[in-house]
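Read off the chains here:
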Amino acid sequence: MTSGQIAILVDHPIYHPIFIDAYRGNFSADQLRAGSVGATIAYALLLQKISSEIVLVDIVEETARGQVLDLSDAGFVTSARIRQGNFQEAGQCDIVIVTAGAKQKRNETRVELIERNYNILSSVISKMKPLNPNIILLIVANPVDVLTYIAQKLSGLPKNQVFGSGTFLDSARLRLELANILKVAENAIHAYVLGEHGDSQFVAWSAAHVGGKSLLDFPEMKAVDKENLAKEIARKAYEIINLKGSTYYGIAGCVSSLVQTIAFDQRHIRPLSVYVEEFQCVLSMPVVLGSSGVERIIDIYLSADEKARLQKSAAELSAICKKYA
Ligand SMILES: NC(=O)C1=CN([C@@H]2O[C@H](COP(=O)(O)OP(=O)(O)OC[C@H]3O[C@@H](n4cnc5c(N)ncnc54)[C@H](O)[C@@H]3O)[C@@H](O)[C@H]2O)C=CC1
Ligand SMILES: CC(=O)C(=O)O
């Protein structure tokens, strides 16, 4: 092994349920739930040093207690306090990150989780009420677009305060592939996966650019099978789930970066699950994100084919959302 490399040896894979519910930020309070995704988000937030207090809530109290004990051992790297809390405390936080819910089994789609996760989400929201009127609800559990729509209805909060992580993760997966093809840093690439965080998602190729130049004008892109690349991005979660049971590191990186954007009012543009009036459903579009949530949706240029894909994605989602209207 050359100097600088680190090997981590894992005896056996760990498939255990955990989940977070509450995270208190340094500007006041936020929250999560404590499963694999929730705990990994909490860990990312600890390492990023952007919060003074993180509160974990899980219906299985032992799970939250175990996560808190484990995470607190990493507390020396940060000034954040991490503790277990309850749903009422969660409802008074600044940001609630909802990761509670069933996860996909091998080859199961995200929308197949809806019945199970609708019941979980509605019980979580009702137990958190009355909600801090300025709270931000960041939905992560799947199917994230439909659950965000339901959370907007059940919470009664302004829609800009209730949004989902959407296709931010899919866009990160796309940018990783493009960075390898173009040999540039991922953050130099402005390219979005839009629509459903699920099977009907699509890549907005015509709006993508790198260093002020259209992505499609790069000679390296001529040899790329774009349809196939978009399919691989959409299938990546299935591939990870087939190999190790679930995904959590990618989404934790995305969510901790969203929390930072909110906490510091950074106004980054991110593809997130938001209510789109034209389609009367929730799906991912690029939005400006600030301290009060979604500031506005960017009216991105799409080719005729991409518009058709957006409409198809919206039609699929709104058919499901109508059942919960
Ligand atoms: N939006 C995204 O990009 C991603 C979303 N996910 C989603 O996140 C969710 C959580 O995934 P994991 O953490 O891997 O699952 P997990 O099984 O590790 O954790 C789920 C947690 O939910 C809790 N829970 C179940 N019923 C509950 C109830 N009625 N009230 C409160 N808590 C309850 C369980 O106790 C468990 O701790 C899944 O829906 C998964 O599909 C996962 C990765 C990426
Ligand atoms: C599980 C999931 O939604 C993802 O990794 O994209």
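These numbers come from a predicted model, not from an experiment.

## Focus: the site of ligand 2
Taken together, the residues surrounding ligand 2 are Q104, R110, N142, L169, R173, H197, A237 and T247. Take R173: an N or O atom from its side chain is 2.8 Å from an oxygen atom of ligand 2. Here an oxygen atom of ligand 2 sits 2.7 Å away from a polar atom, N or O, in the side chain of H197. Tallied by class, residues from the shell around ligand 2 come to two nonpolar, four polar and two charged.

## Focus on the pairing of strand 5 (residues 95–98)
Burial of strand 5 is two-sided: the residues I95 and I97 facing one way and the residues V96 and V98 facing the other way are all buried. Pairing geometry for strand 5 and strand 6 (residues 136–139), over four bridges, is parallel. In the sheet register, V96 faces strand 6, and the bridge partner there is L137. In this fold, strand 5 hands off to helix 4 (residues 114–128), which returns the chain to strand 6; that crossover is right-handed.

## Observations concerning the UniProt feature "active site" (unreviewed entry) in the protein
Within this structure's numbering, the places UniProt gives as "active site" (unreviewed entry) are H197. Sequence-distant contacts of H197, that is, excluding residues within four places in its chain, are made with R110, N142, V144, D145, G166, T167 and D170. A polar atom in the side chain of H197 sits 3.1 Å from the side chain of R110.

## Some words on the nonpolar core
Across soluble globular proteins, nonpolar side chains have a tendency to be buried as a group. Residues L137, F163 and L283 are the most contacted members of the largest nonpolar core, which totals 77 residues. Among the elements that make up this core, the one with the highest residue count is helix 9 (residues 249–263) (seven residues). Composition of this core by domain shows at least three residues from each of domain 1 (5–164) and domain 2 (168–324). Ignoring any residue separated from it by four or fewer positions in sequence, one finds L137 in contact with V96, I125, M128, S155, L157, Q161, V162 and F163. Listed in part, the 18 residues of the second largest apolar core include A179, V203, L229 and A230.

## A closer look at the sheet that holds strand 11 (residues 209–210)
Within the open sheet, the three strands sit side by side as 8-11-12. Their pairing is antiparallel. The open sheet has two edge strands, strand 8 (189–190) and strand 12 (213–214), and neither has a second partner. Bridge count between strand 11 and strand 12: two bridges; the pairing is antiparallel. Paired with H209 across the strands is S214, a residue of strand 12.

## A short note on the packing of helix 4 against helix 5 (residues 144–155)
Put simply, helix 4 and helix 5 touch, their axes get as near as 10 Å, and they point 30° apart. The orientation of helix 4 with respect to helix 5, classified from their angle, is roughly parallel. Crossing handedness for the pair helix 4 and helix 5: right-handed. Each of I114, N117, Y118, L121, S122 and I125 in helix 4 lies in contact with helix 5, whose residues at this interface are V146, L147, I150, A151, L154 and S155. Here the residues of the contact of helix 4 with helix 5 sort into nine nonpolar, three polar and no charged.

## Here we look at the domain arrangement of the protein
Assigned domains of the protein: these are domain 1 (5–164) and domain 2 (168–324). Measuring from the centre of the C-alpha atoms in domain 1 to the corresponding centre in domain 2 gives 22 Å. Listed as interface residues are 44 residues of domain 1 and, on the opposing side, 47 residues of domain 2. For the pair domain 1 and domain 2, the summed buried surface comes to about 3700 Å²; carbon and sulfur atoms form 66% of the total. Considering only the surface of domain 1 that becomes buried against domain 2, R110, D145 and Y149 emerge as the three largest contributors, covering 19% of it. Our enumeration of links across domain 1 and domain 2 arrives at zero salt bridges. Across the domain 1-domain 2 interface, the total number found is 10 residue pairs in polar contact (both at pLDDT 80 or more). Of all elements in the fold, only helix 1 (36–48), strand 5, helix 4, strand 6, helix 5 and strand 7 (162–164) reach the threshold of two or more residues within the side of domain 1 that touches domain 2.

What counts, and where the lines are drawn
- Residues numbered from 1 in each chain as written.
- Chains lettered and ligands numbered in written order.
- Predicted model: local features only at pLDDT ≥ 70, side-chain atom pairs only at ≥ 80, totals over all residues.
- Heavy atoms only, no water.
- Near = heavy atom within 4 Å.
- Polar contact = N/O pair within 3.5 Å; in protein donor to acceptor, adjacent residues only side chain to side chain.
- Nonpolar A, V, L, I, M, F, W, Y, C, P; charged D, E, K, R; others polar.
- Buried < 20%, exposed > 50% of the residue type's maximum accessible area, 1.4 Å probe, protein only.
- Helix = DSSP H or I, 4+ residues; strand = E, 2+ residues; numbered from the N terminus.
- Pairing = 2+ DSSP bridges.
- Right-handed = clockwise from strand over helix to strand, strands pointing away.
- UniProt positions renumbered as here; feature names shortened; annotations may be inferred.
- Contact = heavy atoms within 4.5 Å.
- Core = buried A, V, L, I, M, F, W, Y, C linked by side-chain atoms within 4.5 Å.
- Domains from an automatic or database assignment.
- Axes fitted to C-alpha atoms, helices over the stretch in contact; angles between N-to-C directions.
- Parallel < 35°, antiparallel > 145°, perpendicular 65-115°, else oblique.
- Left-handed = near helix turned anticlockwise from the far one by under 90°.
- Buried area = accessible area lost by both parts, 1.4 Å probe.
- Salt bridge = Lys/Arg side-chain N within 4 Å of Asp/Glu carboxyl O.

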